Amino acid sequence: MGADRTPKIVGTVWGLLVLNTLGSAGAKTIVPLPRSLIQMVTMGALVAAFALALAVNLRLRIRASAYVLLLSLLLVPSLISSADLESGFGALFRCARLALFVGTLWLLSRWWDGGTTFVRHHIRMYFVVLGSVAAGLVISPGAAMPELYGGRLVGALWPLTPPQIGQYAAVITGLTVLLVLGRRTDRAGAAVVIVPSLVLLALTHTRTATLGLLIGLALAIGSLVLTSAAARRFFAWAVLCATVAVVAFSSALQAWFLRGQSQENFSNLTGRAKVWHALLAAPRTTTEYLFGTGLGDKSFGGLPIDNSWLAVYQEQGMTGVVLVAAFLIVLGGVALLRPPSLSRACAIFLISYCAIASYTEAGLGDASPYLLHLAVAASLLAAPAETAPLATHDVTRRRTPRWAHRTKVR
């Protein structure tokens, strides 16, 4: 298959996928939005994304992708566990959503060529989302930082939780830093993205996103230090600044990290550990152990699970856990085998971020921003499409007109 120039409409499709994965649950907005309306918008965005992707790829040209293949296989335990309607008709609806989501990724895989095109789409779309968060903060600071969330930043125009905002800010900050180091963008343009994103990340007090950003960037830049002088300089300055910050602002950093919680509450991960223990102790049939109880809202006993592995175990069983582990291992293994490059560094950042966040956030088993992050990583790790050489017999020989053979005799 020859190399294709990525159509502009692909960016629109990616933006619709981002809109679909924003979710419908979160803080109270300035203008109350019915949840049914939000669900209609997000689901409509996914249908539109699939339709546009199909329109721009009518010949159904796709690229081989172990990541999307394993996501497709994840539909099997999802359907098996959802078919008995133990989780209600909503489980089948979520299965259809996941199938449409995966189908759209297959259609977009045609343009996965190891370049940074989808990285730029990713940064651009989530920067727009963060722009709506910043606008809500300016319009109504009280609604954007409510006491219900402990004064943490939430979405006041669109219902977004602090972990969501922290995730988006951390991911686009890390990717933009890597683009600067790879000289794919200028520093002034990068500062426009990085500075406000870091401010919003700080206001969310999201520990998982902060750790994911720091560890993911350390691993990504570490993969470049042997081949990039800019990466070595940045790494040295980052270590120096981090050391000074820890020494000079240790008490402030500790207070920000604890968020006013007691040591006991912090040690059981803000109550998450109790939910996890109850979930693991719950009795299960063999079918539930292998295939789960069906796609749901990632909760157990009315409380959020907040762990991707346990959420997958609950909804898609051990089969789902194995498949999720498989696509993370495959992506990580391919990234390690690739020679040092900017694309490889961006992929390492996204994979490591998702792996770290999976401990305290759910989303690896269903259509979510985490699966979009990993899709970008898969696009970065795809081998560039080679243009097939033009065969001799394919060249149409044109007949030379007689007048061209005549020579003018003087």
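Throughout this description, residue numbers start from 1 for each chain and increase along the sequence as written. Given that the model is predicted, a residue must reach a pLDDT of at least 70 before its local features are reported, and side-chain atom pairs must reach 80 or more before they are shown or counted; all residues, however, enter totals for whole chains, interfaces and linings. Hydrogens and water are ignored here; the side-chain numbers use all heavy atoms of the structure.

Novice: Hey, could you run me through the environment of alanine 367 in this one?
Specialist: Labels follow the DSSP assignment, with helices taken as runs of H or I lasting at least four residues and strands as runs of E lasting at least two, numbered in each case from the N terminus. Residue position: alanine 367 is located in the loop between α16 (342-357) and α17 (369-381). Along the backbone, alanine 367 and valine 102 are 265 residues apart, and their C-alpha atoms lie at a distance of 8.2 Å. Residues are treated as being in contact if the distance between any of their heavy atoms lies within 4.5 Å. Residues within four places of alanine 367 in sequence aside, it is in contact with Asn20, Thr21, Arg97, Leu98 and Phe101.

Novice: Please clarify how the pattern of salt bridges should be interpreted in this entry.
Specialist: Pairing between side chains becomes possible if they bear opposite charge and their charged atoms approach one another. Within this document, salt bridges are pairs made up of a side-chain nitrogen of Lys or Arg and a carboxyl oxygen of Asp or Glu, the two lying within 4 Å of each other. Summed over all chains, the structure comprises three salt bridges. When the shortest N-O distance is used, the salt bridge between arginine 272 and aspartate 306 registers 3.5 Å. With arginine 272 in helix α13 (residues 272-281) and aspartate 306 in the loop between β2 (303-304) and α15 (308-337), this residue pair connects regions lying 34 residues apart in the sequence. Arginine 272 sits in the buried class, given a relative accessible area of 17%. A salt bridge links aspartate 366 to lysine 298; its shortest N-O distance comes to 3.1 Å. Remark: lysine 298 occurs in the loop between α14 (286-291) and β1 (299-300) and aspartate 366 occurs in the loop between α16 and α17; sequence separation between them is 68 residues. Side by side, aspartate 366 and lysine 298 carry an identical accessibility label, which is buried. Residues participating in the shared-partner salt-bridge network are Lys298, Glu315 and Asp366. Each residue gets one of three labels from its accessible area relative to the maximum for its type: buried under 20%, exposed over 50%, partly exposed in between, using a 1.4 Å probe on protein chains only.

Any functional reading would require information that these geometric values do not contain.
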